[in-house]
Structures are given as C-alpha cells and as structure tokens.
Amino acid sequence: MDTSPSTRPAALIDWHSMFMGVALLASARSKDHRTRNGACIVTPDNRIIGVGYNGLPRGCDDQDPIYWADDDNDPYHSRHSYVVHAEINATLNCVVLPLTDATIYTTQFPCPRCAQAIIQAGMRKVIYLREKVHHASANAAAAKMFGASGVSCEALEAVDPGALEWSTRLATFIASGNSSDEDV
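A quick note: this is a predicted structure, and the numbers were derived from the prediction, not measured.

### Notes on the overall build of the protein chain
And then number 1: Helix and strand counts for the protein chain stand at six helices and five strands.
And then number 2: Reading the secondary structure of the protein chain in the N-to-C direction produces α-β-β-α-β-α-β-α-β-α-α.
And then number 3: For a compact globule of 184 residues, the expected C-alpha radius of gyration is about 16 Å, and the protein chain comes in at 18 Å, within 12% of that figure.
And then number 4: Its C-alpha atoms give the protein chain principal-axis dimensions of roughly 70 × 45 × 30 Å.
And then number 5: The buried share of the protein chain, taken over its 184 residues, is 39%.
And then number 6: A fraction of 62% describes how many contacts in the protein chain between residues 6 or more apart in sequence connect residues 24 or more apart.
And then number 7: Charge separation in the protein chain, taken as the distance between the mean sites of 15 positive and 21 negative side-chain charges, equals 5 Å.

The structure is reproduced here in structure tokens:
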C-alpha cells in the first residue's frame, strides 16, 4: 500500500477553521436580534469540550418581549440583563473541568465579564473573529486582564488568514439564511 504524502487523504479545513466554524454554527442558534455570537472551547490536543451561544438562561421564555428590550437605561427592560454570553454558556456547557490550558474560539472579542470567566476557568488562549470598535474601552479592560493573567488573545486574522477567509464565507452563508438540504 502506498502511504506517500501525495496519496494520503488531507483534511478539507484546518483546525482553526473547524473550531471557528463550530462557533459560527453555534451562533446561528441565538435568538438575539442584535448580535448572534458563538464560542467553542478546545483542549490543547484539539478536542472540543464546550460549545455555546448567546441566549437566555434555561427556563426563560424566548417569546417574552421584556427579555429582548433595548432600553439600557433600565436594567429590567434591557436584554443585557438577561442574555447569557456565548463564552459563559460554552464554559458552563463544558464536559470537563477544569479547563486548564484550553483555547476558546469566539465570534466576537470577549467582554470584561467573559474575560473574567475565561481566566478563572483556566483557559490560556482566546482566538476571536471580530472586534466591535465601539466597545474599545471594554475591549481594553478585557485585554488588560488577559495580559495580566497570561492569557493569549489574538484575532483569527493574525493566527491563520486562510481560516479567517473560510470563516468569513461561512458567516456570510449563515447570515444569508438561504441554506437548504442541497447546500449540506
């Protein structure tokens, strides 16, 4: 049997593309009309151990309009009081603890609250797809905590430009809502 490199099967996508793809697919489950985010946590040996998306806590009715209101001046009428972030859900959904040395792939740069959970859970690396520029101050606070705690935080673009291109195409496909059985 010929096992030379040219005859061995090759993966269609690399690890970064796969894990960001899982985070993007998870984000498609979110019912948040403003921003759909997803996260995927992996071990150093590339095993997925947690996946999550931004959504309401278990038992909260997605049909209740109070949960999705956008009045940030009134915590009772602000979705920010109710929605659990993708990074937190992925951490809480993990099949193993602690998450020592794990990497989390996120569709958006983590907020300070999520940065705290990532650090406390023992994760050592964050790879994110996009960063909201209007969250610059919050992003700086999260980055400060990551730096002080020794958690690496990098944009997918810097880690693997090919994975960024693939993930961007997948995000566009998911956002289009035009999937069908023929696309699978």
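### Let's talk about the state of the cysteines
And then number 1: Applying the stated criterion to the full structure yields zero disulfides.
And then number 2: Free cysteine: Cys60, not disulfide-bonded; nearest cysteine sulfur from Cys114 at 17 Å.
And then number 3: Under the relative-accessibility criterion, Cys60 is labelled partly exposed at 25%.
And then number 4: Here Cys153 stays free of any disulfide, with the sulfur of Cys114 as its closest cysteine sulfur at 12 Å.
And then number 5: Overall, the relative accessible area of 27% leaves Cys153 in the partly exposed class.

### So, the side chain of Thr91
And then number 1: Assignment of secondary structure puts Thr91 in helix α2 (residues 86–92).
And then number 2: At a separation of 2.9 Å, a polar atom in the side chain of Thr91 contacts the main-chain carbonyl oxygen of Glu87.
And then number 3: Ignoring sequence-local partners within four residues, the contact set of Thr91 consists of Ile41, Leu99, Ala121 and Met123.

Parameters and conventions
Residues numbered from 1 in each chain as written. Predicted model: local features only at pLDDT ≥ 70, side-chain atom pairs only at ≥ 80, totals over all residues. Heavy atoms only, no water. Helix = DSSP H or I, 4+ residues; strand = E, 2+ residues; numbered from the N terminus. Rg over C-alpha atoms; globule rule 2.2 N^0.38 Å. Buried < 20%, exposed > 50% of the residue type's maximum accessible area, 1.4 Å probe, protein only. Contact = heavy atoms within 4.5 Å. Lys, Arg positive; Asp, Glu negative; His and termini not counted. Charge placed at Lys NZ, Arg CZ, Asp CG, Glu CD. Disulfide = S-S within 2.5 Å. Polar contact = N/O pair within 3.5 Å; in protein donor to acceptor, adjacent residues only side chain to side chain.

Read these as spatial facts, not as claims about activity.
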